Amino acid sequence: MESDSTCILSFDYKHIDGKPVALEVYLPVLRDCGSQPPIRRPTVIYFHGGALTVGNRRSWLPTWLQSRLSAQRFIFISADYRLMPPATGHDIVEDIQDVFRFVATSLNSRLDEVMSDKGGTDPIPAGDNLLLWNPYRIDPEAIGVAGTSAGGLCAYLACMHADPKPRVVLSMYGMGGKLYNPHYFTPKSEPFFRGRELLDPQQFRSFLYPQSSALESTSDSPLAYHPPTYDIPGYPSNPRMLLGRLYLQLGTYLDYYTGVHEPSLSAYLRSLSVDTTSRVEGLHANSIPEQHRPLFPQFAVTSAWPPTCLVHGSADTAVLIEESRHMYSLLMAANVDVELWEVDGAEHTFDYEPPAVGTSYETLFHDAVKFLIDHLNPSTT
């Protein structure tokens, strides 16, 4: 049976320095579910993109994924996480762990409170059929994870560090398949992302180390654009929207990700004389300080990794397709159930843009969702 609509409820899953860090739950709705007892359903936790530097649970939401999962009565959750800077990958791992812990152990009771009108957060309607009672609850034994771009990296980190471990992964042109990669630590002197101009670092001084250390922690930095009257209409007005591109341009992305600025991890990696393309995987890992290796998914793939679907555009200039190809080869070598679907000629964020004339992503979207569904059968509890 398919759902008729969706309702959205917001919850704070943790607080940092008194500030909430939130997630939103998309519950499927049925017209005739008012008298039904609680029903446990598979759940997909989604992490947004934005280079780990910008965005929130509503940014770049993949409606194609949410709507298709909701139609199959799956629960969809989109979660915030702390942003770089001043956060580092270590902080983001903590947030990912807390998301999974909250969803698996606390969210059902919070949903009960809301549905019984005893407290909690008021539901935000997202359809015509919001009911006072919704029977759907999380099945803690059937939780999957999905992510877009930097959210794909978050999905990989969940596989490494979350409890419960996700049972399936969908990575849409995700970072992290090959983070130890010159793309992240080599300065750029020519346009590299969609042919756009290089940025002036002086316009981002507060976001550059050491000034960036003084920034207030945030997990909610919405997208914002200049009006049509601006010199460049539609240009990002939230400077965080340009930070990922800036750190890639400067070749310092891994410094902000690991928090290793003095001495610079990126500078150290650039100084290594051995050709990175010829190293064995173990030597790669040894170049990364041991305490930071848990931030690099390419060093953590084992046979215990969950089934994974990788989708990547062949013309991606933000997250190079070699990342997904590398992750695919690692998962294949570990005998993990894995699929890699390359989208010919597609750039970054292709699934948020209208396809070219004569092109359709419907089959791709259907197959990606089917992969999740096939690996998230409800438990028998």
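For the structure, check the block above.
Notes on the structure follow. (Residues numbered from 1 in each chain as written. Predicted model: local features only at pLDDT ≥ 70, side-chain atom pairs only at ≥ 80, totals over all residues. Heavy atoms only, no water.)

What about the overall build of the protein chain?
Counted only if it meets this: Numbering of helices and strands starts at the N terminus; helices are DSSP runs of H or I of at least 4 residues and strands are runs of E of at least 2. The buried label goes to any residue with under 20% of its type's maximum accessible area, the exposed label to any with over 50%, and the partly exposed label to all in between, with areas taken from a 1.4 Å probe on protein chains only. Whether two residues are in contact is decided by their heavy atoms, any of which lying within 4.5 Å being enough. Per-residue accessibility takes into account occlusion by the displayed protein chains alone, with areas from the Shrake-Rupley method and a 1.4 Å probe.
Counting its secondary structure elements, the protein chain contains 11 helices and nine strands. Looking at the 381 residues of the protein chain, the share that counts as buried comes to 55%. Nonlocal contacts in the protein chain, meaning residues at least 24 apart in sequence, comprise 75% of its contacts between residues at least 6 apart. Surface accessibility of the protein chain: about 16100 Å² in total, with carbon and sulfur atoms responsible for 51%.

Structural notes on the pairing of strand 9 (residues 338-343)
Test applied: For two strands to pair, DSSP has to find at least two bridges joining them. For the handedness criterion, the strands are oriented away from the viewer, and a crossover whose path from the first strand over the helix to the second runs clockwise is classed as right-handed.
Two strands pair when backbone bridges link them, and strand 8 (residues 308-313) and strand 9 are joined in this way by six bridges, in the parallel orientation. Following the sheet pairing, Val 311 is matched in strand 9 by Trp 341. Following the chain from strand 8 across helix 10 (residues 321-333) to the adjacent parallel strand 9, one finds a crossover that is right-handed.

Here we look at the packing of aromatic side chains
The condition that has to hold: A pair of aromatic rings is counted whenever rings of Phe, Tyr or Trp (Trp by its six-membered ring) have centres within 6.5 Å, and the orientation is called stacked for planes under 30 degrees apart, edge-to-face for over 60 and tilted otherwise.
A full pass over the atoms with the stated rule returns 15 aromatic pairs. Relative to Tyr 253, the ring of Tyr 184 lies with its centre 5.6 Å away and its plane at 50°, an arrangement referred to as tilted. Of this pair, Tyr 184 sits in helix 5 (residues 182-185) while Tyr 253 is found in helix 7 (residues 253-258), placing the two residues 69 residues apart along the sequence. The class for Tyr 184 is buried, based on a relative accessible area of 2%.

Considerations on the environment of Ser 324
The cut-off we apply is this: We define a polar contact as two N or O atoms separated by no more than 3.5 Å, with the added condition that, inside protein, one atom must be a possible hydrogen donor and the other a possible acceptor, whereas residues neighbouring each other in sequence contribute only through side-chain atom pairs.
Of note, Ser 324 is situated in helix 10. Classification of Ser 324 as buried rests on a relative accessible area of 0%. Apart from the residues lying within four places of it in its own chain, the contact partners of Ser 324 are Gly 174, Leu 310, His 312 and Leu 340. One polar contact links Ser 324 to His 312, side chain to side chain, over a distance of 2.7 Å.

Focus: helix 1 (residues 63-71)
Within helix 1, the full set of buried residues consists of Trp 64, Leu 65, Gln 66, Leu 69 and Ser 70. Note on helix 1: the residue one or two positions beyond its end, Arg 73, has a positive phi of about 60°.

Quick look at the packing of helix 1 against helix 11 (residues 362-374)
Applicable threshold: Axis lines are fitted through C-alpha atoms, for helices just across the contact stretch, and the angle between N-to-C directions can take any value from 0 to 180 degrees. Roughly parallel covers angles under 35 degrees, roughly antiparallel covers those over 145, roughly perpendicular covers 65 to 115, and oblique covers all other angles. Should the near helix be turned counterclockwise from the far one by less than a right angle, the crossing is left-handed, whereas a clockwise turn marks it as right-handed.
Their axes nearest at 10 Å, the elements helix 1 and helix 11 cross at an angle of 55°. Comparing their axes, helix 11 and helix 1 come out oblique. Note that helix 1 runs across helix 11; the crossing there is right-handed. Contact residues: helix 1 offers Trp 64, Leu 65, Arg 68 and Leu 69, while helix 11 offers Glu 362, Phe 365, Ala 368, Val 369, Leu 372 and Ile 373.

What about the packing of helix 2 (residues 89-105) against helix 4 (residues 150-161)?
Relative to each other, helix 2 and helix 4 sit at 70°, their axes nearing to 10 Å. Overall, the two elements helix 2 and helix 4 adopt an arrangement that is roughly perpendicular. Two secondary-structure elements touch here, helix 2 through Ile 92, Val 93, Ile 96, Gln 97 and Phe 100 and helix 4 through Cys 154, Leu 157, Ala 158 and His 161.

Considerations on the side chain of Glu 323
Threshold: Asp and Glu count as negative and Lys and Arg as positive, but His and the ends of the chain are not part of the count. Should a side-chain nitrogen of Lys or Arg be within 4 Å of a carboxyl oxygen of Asp or Glu, the pair is scored as a salt bridge.
Take Glu 323: it is sitting in helix 10. Summary of buried charges: Glu 323 has no salt-bridge partner, and the nearest side chain of opposite charge, Lys 178, is 9.1 Å away. Here the side chain of Glu 323 touches Lys 178 through a polar contact of 3.1 Å, landing on its backbone nitrogen. In this structure the side chain of Glu 323 is engaged in a polar contact, spanning 2.3 Å, whose partner is the side chain of Tyr 184.

Side note on the nonpolar core
As a reminder, the rule being used: Buried residues of nine kinds, namely Ala, Val, Leu, Ile, Met, Phe, Trp, Tyr and Cys, make up a nonpolar core once their side-chain atoms join them within 4.5 Å.
Of all hydrophobic cores here, the largest spans 85 residues; its most connected members are Leu 23, Phe 47, Leu 52, Val 103, Tyr 253, Tyr 257 and Trp 305. In terms of residue count, helix 4 provides more of this core than any other element does, nine residues in total. When near neighbours in sequence (up to four residues on either side) are disregarded, Trp 305 contacts Tyr 156, Cys 159, Met 160, Val 169, Pro 297, Ala 300, Met 327, Leu 331 and Val 336. Residues Tyr 26, Leu 65, Phe 76 and Val 369 belong to the second largest nonpolar core, which totals 29 residues.

A closer look at helix 11
The condition that has to hold: One less than the number of residues in a helix, times 1.5 Å, gives the span that helix is expected to have. The arc in question is the one spanned by the directions pointing from the helix axis to the C-beta atoms.
The end-to-end C-alpha distance of helix 11 is 18 Å, a good match for the 18 Å that 13 residues give at a rise of 1.5 Å each. Burial in helix 11 covers these residues: Leu 364, Phe 365, Ala 368, Val 369, Phe 371 and Leu 372. Buried positions in helix 11, seen along its axis, are confined to an arc of 150° and lie on one side of it. Elements in contact with the buried residues of helix 11: strand 3 (39-47), helix 1, strand 7 (169-172), strand 8 and strand 9.

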